[in-house]
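For reference, the chains in residue letters:
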Amino acid sequence: MATVIHDNVLGPIELEAPLLALVDHPAVQRLRRLEQLGTASLVFPGARHTRLAHSIGAQEIMRRVWRRLKATEPPPGVDLDAEGRLLRAAALLHDLGHYPLSHVVEPIAAWLHEPATDRLDFGLDPCCESDWLQLAAVAASLPAPTSDMHHERLAAEIIRRDPGLQRGIDAYVGRPDAAAEVRALLQGCSSPRYRGQLVSSHFDVDRLDYLLRDAHNAGVRYGGVELEHLIRRMRLGPDGAGNHVVYVETRGQPALEHYLLARRFMYSQVIFHKTVTAFSVLVAAFWVSLAVRDRLPFTSLAGLHQALDDGMFRSFDDHWLWNEAARRADPAGRGMTARIATALVDRKPPLLAWEQRARGTQAQSGLLETFTEHRRAIARDAGVEAADIFLTDQVVTGTSGGNGGLGAGEPPLVGDPGGRLRPITEAPGSALEGVGGQPERLARLFVLRTGDLDVDPTRRRRVRDAFLSGMSLAAPPAAN
């Protein structure tokens, strides 16, 4: 007997009893308290949907996709029903290790975990609070370092340390090694190749769900995807090199291109929205304070593992982070922690002083390094504290959207049965061959507010002028 969930994006979703038992596990229920889009709800008020809704949606899309794929040309000798359950379990559990506010905290947490000798830090010091905002801006602008702090590896660790969750996975899939297979898949170590394509690639069930769900709840149209048409055009078959792979028939190429461009626009217009970015940097800088100054347990890998063992990890959610911010907020406080926490709790975003969008070769500018080197001189010329200004330089790539992650490097394949399989970027007539396939850089300069409505506009203008003057002497940015 199945339980029906009425989803606002995908419609009715049926969860059979063993799968519902996984959904009801405390590690999965924690996702109910994590917002899918992090700080985006501070800009798009309806974007309050959770990682749990997304995870349930991802496994539903996996069910629909696998129903189609197993009717095409699946590998011989595979229990297709058990394989489908394994893939659905992985889709449901892929976000178990997410931090509060989803991807906002993870890059800085992973960065702080790196040995100092391995950091690309541009001379910034996490122990110096005047560097916190720019350090957070650098972390928000670059791909998160691959480390044990990555949410997918943390998800695998959650499964490894929870025998009850392991038993639930094994019982649902119907074989004793299923939990280990799910762990390997979440860490990008699983074969056959099609598993990784479906769970963690540029065209997977995770991205298919979050594009639809994020656009719907944010109230925008950028993420529209022809889901059912894409699924009808998906196939599973041999690639000629001994592997079975997922690809989209040539007739589905326009829908696939639409999906990739929709994802790019969602990053450009929603996920990397200027105010969303500004608040994300504030949260990341606040995390530096919690990790370096307060040394709170959740801010280290050892602390996270201890929390998994003693059950405290279930309280590691958005409520915890917002409560920590509320405790430290003080409108009259002069310390950086109090100022950042107050800006977050009272929703006072930093002021945008300068912005630049660039494509193609201009998208690799070295702007972060140059600004960080001249930041104190720019602040001095503007008559502000260096601690108050920061610059982000985010790159939206041509085929992926954001900064990527574990196993996110393989572009989707296009082809016909018995014909040549090609990456979408190499397919004849692909819309991604031109401008659509080029990276886009979103560079922004921000300054913290003082709260004085008469002073702040002038302060923003002074910062912009000092930035343009100082950077023109070092490495002039492209025209606005």
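The following paragraphs examine the structure supplied in this document. In this text, all values refer to a predicted model and were calculated from it rather than measured experimentally.

It is worth spelling out the sheet that holds strand E5 (residues 351–359) at this point. Spatial strand order, E5-E9-E6: three strands in an open sheet with antiparallel pairing. Two strands bound the open sheet, and with one partner strand each, they are E5 and strand E6 (389–396). On average, each strand axis in the sheet is inclined to that of its neighbour by 15 degrees, with strand direction left out of account. Summarising the sheet, E5 and strand E9 (residues 440–447) pair through eight bridges and their orientation is antiparallel.

Another aspect to go through is the packing of helix H16 (residues 318–328) against helix H17 (residues 336–345). Axes are the key here: two packed helices are described by the angle between their axes and the distance separating the axes. Where H16 meets H17, the closest approach of the two axes is 8 Å, and the angle between their N-to-C directions is 120 degrees. Looking at the two axes, H16 sits oblique to H17. Handedness of the H16/H17 crossing: left-handed. Along the contact surface, H16 presents Trp322, Ala325, Ala326 and Arg328, while H17 presents Thr337, Ala338, Ala341, Leu344 and Val345. Partitioned by chemical class, the residues of the contact of H16 with H17 number seven nonpolar, one polar and one charged.

Looking now at a positive patch on the surface. Residues Lys274, Arg347, Lys348, Arg449 and Arg460 make up a contiguous surface patch of positive charge. Position of arginine 449 among the secondary structure elements: in the loop between E9 and helix H19 (456–474).

Further remarks concern the pairing of strand E1 (residues 2–7). Side-chain direction in a regular strand flips from residue to residue, so the side chains alternate between the two faces of the sheet. Note that E1 and strand E2 (residues 11–16) share six bridges and pair antiparallel. Across the sheet, histidine 6 pairs through a bridge with proline 12, a residue of E2. A loop of three residues connects E1 with E2, the two strands running antiparallel in sequence.

A complete count under the given rule lists 38 salt bridges for this structure. When the shortest N-O distance is used, the salt bridge between arginine 328 and aspartate 294 registers 2.7 Å. Separated by 34 residues along the polypeptide, arginine 328 in helix H16 and aspartate 294 in the loop between helix H14 (274–293) and helix H15 (301–310) bring together distant segments of the chain. Relative accessible area serves as the criterion here: at 19%, arginine 328 is assigned to the buried category.

Time to look at helix H6 (residues 132–141). Across the 10 residues of H6, nine count as buried, placing the element largely inside the fold. Along H6, the residues that are buried comprise Trp132, Leu133, Gln134, Leu135, Ala136, Ala137, Val138, Ala139 and Ser141. Contacts from the buried residues of H6 go to helix H5 (106–113), H14, H17, helix H18 (367–382) and E6.

By the element assignment, threonine 337 lies in helix H17. According to the relative accessible area criterion, threonine 337 is buried, its value standing at 11%. Leave out the neighbours within four places in its chain, and threonine 337 touches Trp132, Phe286, Ser289, Arg293 and Arg328.

Bringing the pairing of E9 into the picture now. Most of E9 sits inside the fold, with eight of its eight residues counted as buried. When E6 meets E9, the two strands line up antiparallel, connected through eight bridges. Paired with phenylalanine 390 across the strands is phenylalanine 446, a residue of E9.

What counts, and where the lines are drawn
- Residues numbered from 1 in each chain as written.
- Predicted model: local features only at pLDDT ≥ 70, side-chain atom pairs only at ≥ 80, totals over all residues.
- Heavy atoms only, no water.
- Pairing = 2+ DSSP bridges.
- Helix = DSSP H or I, 4+ residues; strand = E, 2+ residues; numbered from the N terminus.
- Axes fitted to C-alpha atoms, helices over the stretch in contact; angles between N-to-C directions.
- Parallel < 35°, antiparallel > 145°, perpendicular 65-115°, else oblique.
- Left-handed = near helix turned anticlockwise from the far one by under 90°.
- Contact = heavy atoms within 4.5 Å.
- Nonpolar A, V, L, I, M, F, W, Y, C, P; charged D, E, K, R; others polar.
- Patch = residues over 30% accessible without salt bridge, like charges linked within 9 Å, V, L, I, M, F, W, Y side chains within 5 Å.
- Areas by Shrake-Rupley, 256 points an atom, 1.4 Å probe, with all protein chains shown as cover.
- Salt bridge = Lys/Arg side-chain N within 4 Å of Asp/Glu carboxyl O.
- Lys, Arg positive; Asp, Glu negative; His and termini not counted.
- Charge placed at Lys NZ, Arg CZ, Asp CG, Glu CD.
- Buried < 20%, exposed > 50% of the residue type's maximum accessible area, 1.4 Å probe, protein only.

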